[in-house]
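Listed below are the residues making up each chain.
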Amino acid sequence: MAKTPGKNDKPVRVNFDFRRELAEKIEGNLAGFCYQCGACVGDCPATTYGSTFNPREIMLQVLYGLGEELLVEDSVLWQCTNCYNCHERCPQEVKPVEVIISLKNMLADHGIYPDPVSKVIETFEETGRTTPLSPATDRQRAKYGLPPLTPVPMEEIKLLIEPASEEGDQA
Ligand code: SF4
Ligand code: SF4
């Protein structure tokens, strides 16, 4: 994990190439406004899974350009639940969750994602939904007076996702 360097540590060389690549992905240098106050940590549910996840530290890693620590197999990034609590709390409008989503997209660009994410992608490509439906889904909806779900227009979905798949094939 990234930490503030002490006087005996070697100087950190910021990897600006990584920061530029991320800034293009997220369309802005959001993490550049982080002043490490830690407000994003207080209400982050992912920090309760263990000691490895900390949105402030992730922003620090981004500031240092430590892509090699973040874009790895079993990255801590996947522990983020996308709850947006950090987005609400950050006084600098860094939008840590958006930074983390962009980092996850960079991982996906490199074909690195855990099995559960692969399963979600497969299900989406087959059904247009991120979770498979079952008769129990409609029974549950009926309890709340909701109509059964209608089929997803897969032809339209394919038109939307095919350009991205083709770009991936050419890479
Ligand atoms: S969106 Fe992710 S980083 Fe932000 S508070 Fe929720 S779990 Fe934590
Ligand atoms: S709340 Fe915002 S400014 Fe504070 S550490 Fe988190 S991302 Fe940085």
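Residues numbered from 1 in each chain as written. Chains lettered and ligands numbered in written order. Predicted model: local features only at pLDDT ≥ 70, side-chain atom pairs only at ≥ 80, totals over all residues. Heavy atoms only, no water.

**Brief notes about the site of ligand 1**
As a reminder of what qualifies: Throughout, near means a residue has at least one heavy atom within 4 Å of the molecule or strand. Going along the chain from the N terminus, every DSSP run of H or I of four or more residues is numbered as a helix, and every run of E of two or more is numbered as a strand. Gly counts as polar in this scheme, as do all residues outside two lists: the nonpolar Ala, Val, Leu, Ile, Met, Phe, Trp, Tyr, Cys and Pro, and the charged Asp, Glu, Lys and Arg.
Contacts to ligand 1 come from 14 residues, most closely from C44, C80, C83, Y84 and C86. At the level of secondary structure, the elements contributing two or more residues to the shell around ligand 1 comprise helix 4 (85–89) and helix 5 (96–109). Residue classes in the shell around ligand 1 are distributed as 11 nonpolar, three polar and no charged.

**Things to note about the packing of helix 2 (residues 55–64) against helix 5**
Filter applied, for reference: Inter-axis angles, ranging from 0 to 180 degrees, are taken between N-to-C directions of lines fitted to C-alpha atoms, where helices are fitted over the stretch in contact. Should the near helix be turned counterclockwise from the far one by less than a right angle, the crossing is left-handed, whereas a clockwise turn marks it as right-handed. Contacts are assigned to residue pairs with any non-hydrogen atoms lying within 4.5 Å of each other.
Where helix 2 meets helix 5, the closest approach of the two axes is 10 Å, and the angle between their N-to-C directions is 60°. As helix 2 packs across helix 5, the resulting crossing turns out to be left-handed. Facing I58, M59 and V62 of helix 2, the residues of helix 5 in contact are P96, V99, I100 and L103. Across the contact of helix 2 with helix 5, the residue classes break down as seven nonpolar, no polar and no charged.

**Quick look at the site of ligand 2**
Taken together, 14 residues sit near ligand 2, with C34, C37, G38, C40 and C90 positioned nearest. Of the residues that constitute the shell around ligand 2, the class distribution is 10 nonpolar, three polar and one charged.

**So, the environment of P153**
Structurally, P153 is set in the loop between helix 7 (135–143) and helix 8 (154–170). The sequence separation of P153 and T127 amounts to 26 residues, and the corresponding C-alpha distance is 9.1 Å.

**Brief notes about helix 5**
Helical periodicity: at 3.6 residues per turn, an α-helix aligns residues three or four positions apart in one direction. Basically, it comes down to this: Helices are assigned an expected span. That span is 1.5 Å times one less than the residue count. The classification of residues rests on relative accessible area computed with a 1.4 Å probe and restricted to protein chains. Under 20% of the type maximum is buried, over 50% is exposed, and intermediate values are partly exposed.
The end-to-end C-alpha distance of helix 5 is 20 Å, a good match for the 20 Å that 14 residues give at a rise of 1.5 Å each. Burial in helix 5 covers these residues: P96, V97, V99, I100, S102, L103, K104, M106 and L107. The inward-facing, buried residues of helix 5 abut helix 1 (16–26), helix 2, helix 3 (67–70) and helix 4. In the stretch just after helix 5, G111 is the one whose phi turns positive, near 70°.

**Structural notes on the environment of M154**
Considering the arrangement of structural elements, one finds M154 in helix 8. When its relative accessible area of 16% is taken as the criterion, M154 is described as buried. Sequence-wise, M154 and E125 are 29 residues apart; in three dimensions their C-alpha atoms are separated by 8.6 Å. In this structure, M154 is in contact with F124, E125, E126, T127 and G128, ignoring residues within four places of it in sequence.

**Notes on the pattern of salt bridges**
Counted only if it meets this: For this document, the term salt bridge refers to a Lys or Arg side-chain nitrogen within 4 Å of an Asp or Glu carboxyl oxygen.
This structure, assessed with the given rule, holds five salt bridges. Where D43 meets R89, a salt bridge forms, and the shortest distance between an N and an O atom there is 3.8 Å. Taken as a pair, D43 in the loop between helix 1 and helix 2 and R89 in helix 4 lie far apart in primary sequence, 46 residues in all. On the basis of relative accessibility, which here comes to 40%, the residue D43 falls in the partly exposed class. By relative accessible area, R89 is classed as partly exposed at 39%. Residue E122 is joined to K119 by a salt bridge in which the shortest nitrogen-to-oxygen separation is 3.8 Å. Of the two residues, E122 and K119 are both situated in helix 6 (residues 115–127); the distance of three residues between them amounts to about one turn of the helix.

**Things to note about the side chain of T123**
The criterion, for reference: A 3.5 Å cut-off defines polar contacts: any pair of N or O atoms within that distance qualifies, except that in protein one atom must be a possible hydrogen donor and the other a possible acceptor, and neighbouring residues in sequence count only when both atoms are side-chain atoms.
In this structure, T123 sits in helix 6. A polar contact is formed between the side chain of T123 and the backbone oxygen of K119, at a distance of 2.8 Å.

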